[in-house]
Amino acid sequence: MTTPTVLHCQYRPQHHYTADRNWLNDPNGLIYANGTYHLFYQHNPSGNEWGNMSWGHATSADLLHWDEQPVAIVCDEQEAIFSGSAVLDRNNTSGFGTPDNPPLVAIYTSAYSPASPLGGRQAQSLAYSTDDGASWTKYSGNPVADRGSAEFRDPKVFWYDGTAGNYWVMVAVEALDREVVLYKSADLKSWEYLSTFGPANATGGVWECPDLFELPVDDDPGTTKWVLVVNLNPGGIAGGSAGQYFLGTFDGVTFVSESTVTEGLQQDDSRMVEYGWLDWGRDYYAAVSFSNSPDGRRLMIGWMNNWQYGGVTPTSGWRGALTLVREVRLATRAGRVVLMQAAVDPFENGGATIYSEARRPLAAGTHWLPAEASGDVLRIDAEFEPGAAGEVGLLLRAGGAEQTVLAYDSATGVLSLDRTTCGNTDFHESFASVERVTVPLEDGRLRLRIFLDRCSVEVFAQDGAATITDQVFAAESSARLGLFADCDGAELISLAVVR
Ligand code: FRU
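## A few points about the pattern of salt bridges
Pairing between side chains becomes possible if they bear opposite charge and their charged atoms approach one another. If you walk through the whole model with that rule in mind, you get 31 salt bridges. Notably, a salt bridge pairs Asp76 with Lys138, separated by 3.4 Å at the nearest N-O pair. Of this pair, Asp76 sits in the loop between β4 (67-73) and β5 (79-88) while Lys138 sits in strand β8 (residues 137-138); the two residues are 62 residues apart in sequence, bridging distant segments of the chain. When its relative accessible area of 35% is taken as the criterion, Asp76 is described as partly exposed. Each of Arg333, Glu383, Glu385, Glu442, Arg445, Arg447 and Asp463 takes part in one network of salt bridges that share partners.

## Brief notes about the sheet that holds strand β29 (residues 414-418)
An order of β25-β34-β27-β28-β29-β30 is seen for the 6 strands of this open sheet, with the pairing classed as antiparallel. Only two strands of the sheet have a single partner each, and these edge strands are β25 (365-368) and β30 (434-438). Taking each pair of neighbouring strands and ignoring which way they run, the sheet shows an average axis angle of 15 degrees. Bridge analysis of strand β27 (residues 391-399) against strand β34 (residues 480-485) gives 5 bridges, and the strand direction is antiparallel. Within β34, the residue paired with Val392 across the bridge is Ala485.

## Details of the site of the ligand
The environment of the ligand is made up of Asn25, Asp26, Gln42, Trp50, Phe82, Ser83, Arg153, Asp154, Glu208, Tyr285 and Trp307. Within the side chain of Asn25, one N or O atom sits 3.1 Å away from an oxygen atom of the ligand. Separating an oxygen atom of the ligand from a side-chain N or O atom of Arg153 is a distance of 2.8 Å. Summarising the interface, the protein chains cover 95% of the accessible area of the ligand, which totals 320 Å² for the free molecule. For the shell around the ligand, the secondary-structure elements that each account for two or more residues are β1 (22-33), β5 and β9 (152-162). Tallied by class, the residues present in the shell around the ligand amount to 4 nonpolar, 3 polar and 4 charged.

## Observations regarding the domain arrangement of the chain
One can read the domain layout of the chain as domain 1 (22-343) and domain 2 (353-498). Relative to domain 2, the C-alpha centre of domain 1 lies at a distance of 31 Å. Taken residue by residue, the interface counts 26 residues in domain 1 and 28 residues in domain 2. Between domain 1 and domain 2 lies a buried interface of about 2,100 Å² when both sides are counted; carbon and sulfur atoms form 55% of it. For the pair domain 1 and domain 2, the interface holds 4 salt bridges.

## Focus on empty space enclosed by the protein
Rolled over the atoms, a probe sized like a water molecule indicates the empty space that remains. Applying the stated criterion across every chain yields a total of 3 cavities of 30 Å³ or more. Of the volumes computed, that of the largest cavity is approximately 100 Å³. Lining the largest cavity are 16 residues, with Gly84, Ser85, Pro155, Lys156 and Val288 sitting closest to its centre. Elements with a contribution of two residues or more to the lining of the largest cavity: β1, β5, β9, β13 (206-217) and β18 (285-289). Residues belonging to the lining of the largest cavity are distributed by class as follows: 7 nonpolar, 7 polar and 2 charged. Quantified by volume, the second largest cavity comes out at close to 50 Å³. In this structure, the second largest cavity is lined by 11 residues; those nearest its centre are His15, Leu63, Trp66, Thr323 and Leu324. Considered class by class, the residues forming the lining of the second largest cavity number 8 nonpolar, 3 polar and no charged.

Quick notes on the rules
- Residues numbered from 1 in each chain as written.
- Predicted model: local features only at pLDDT ≥ 70, side-chain atom pairs only at ≥ 80, totals over all residues.
- Heavy atoms only, no water.
- Salt bridge = Lys/Arg side-chain N within 4 Å of Asp/Glu carboxyl O.
- Helix = DSSP H or I, 4+ residues; strand = E, 2+ residues; numbered from the N terminus.
- Buried < 20%, exposed > 50% of the residue type's maximum accessible area, 1.4 Å probe, protein only.
- Pairing = 2+ DSSP bridges.
- Axes fitted to C-alpha atoms, helices over the stretch in contact; angles between N-to-C directions.
- Near = heavy atom within 4 Å.
- Polar contact = N/O pair within 3.5 Å; in protein donor to acceptor, adjacent residues only side chain to side chain.
- Areas by Shrake-Rupley, 256 points an atom, 1.4 Å probe, with all protein chains shown as cover.
- Nonpolar A, V, L, I, M, F, W, Y, C, P; charged D, E, K, R; others polar.
- Domains from an automatic or database assignment.
- Contact = heavy atoms within 4.5 Å.
- Buried area = accessible area lost by both parts, 1.4 Å probe.
- 1 Å grid on protein atoms, 1.4 Å probe; cavity = no way out; pocket = protein on both sides within 12 Å on 5 of 7 lines; lining within 4 Å.
- Points joined across faces, edges and corners; volume = space filled by probe spheres on them.

Laid out in structure tokens, this is it:
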């Protein structure tokens, strides 16, 4: 991580990216090129609230340590620079570079202000860099895709190479219509309409920040599925902003979903738990993937926040963090193909196990870990066999009257994260909440990997088959850890606390 100028201010995470100063929301333009990961993001260069939307920029060699760069694409009096993606134009199809020096091309949404002749519209525009992302030039022919719409945004562009041909594909949204719209192009400058997907599954809010990529199932390159990511706000599974995903096929023209449960805008909320969710917490939004990741890895990152209260989170000098980067795969679990997520682990190199326990019965009651095993920046790996106990789990960030409770109820199979008593919750009426996801035991066991980073808890259950991401604004001194069971009969299989 960079060394921000205001590192020690309250709640500033150590392993999660924050802008050194000022507001941040969606990750944008994620790309690996010439040995460097580039992270751009929705940024207000001059304020701690949403506004003056521009693309901030940071670079990393390992997805863990980020160096903040000068703001890459700056808003002006005519347009705000909304979310989008970036590609390495290897064959210089755009002509912005040379065959020897292919350009990086950013595809972003121009949100036109009243001062522009296109005022009120959202359309897609290009900016390019021929110096590895250090400086960016807006294309003089902008916008390159304009439907006359006020809600056409968040383009994700990738190179399609399949039976239908080879071309660029753009996946964007008509946000209010809950539609993903697809276009194709030979040169990134002129775009031809392909197809529309949606509305489907969760439609309780606008659709934003889509993504579309192919992944092998169970690591078998011969069996693949396409994953269509659709973020929506509000209408997420835990309230407010969230990301959903569909699995299916893409033939170069049309995405066909095999995971549509409900179609159209008439929704039945009782079916929400049947939809594919990227995360079951409150704070994983606008998640999209990196382009060109080495070794075919599919790496995603989200804004660790929620539009319900994202504007008033209690930080000063900076506001908004990104999640850890997550590698996603598709795997068959209990007969169903699901998205598995594993965090790029900040503790993998250099973390020390400060406390561990081997298998033992977990008697009814609360078992506080020794004070040395405390912390607000930790990884915790825990495995339980709930057995006859009704509820088992962990107390996180405990101190005084504060604690965040991660509990598994073996009667219902529900894993819950309760932040109602985490600490500072009263900055917004909808912040205090309990998040829930059904997680089947595997061989009678529940495996948890938990990352604490000052103002957040990220939970990966059953090797990432389900995740819960929540912000928690606890006092720095609320750092104790505990285990609990509500009656005898549970076993702790293993526990490790890594700092
Ligand atoms: C998602 C979003 C995008 C938009 C951007 C503006 O959080 O609303 O749809 O491009 O934020 O900052």
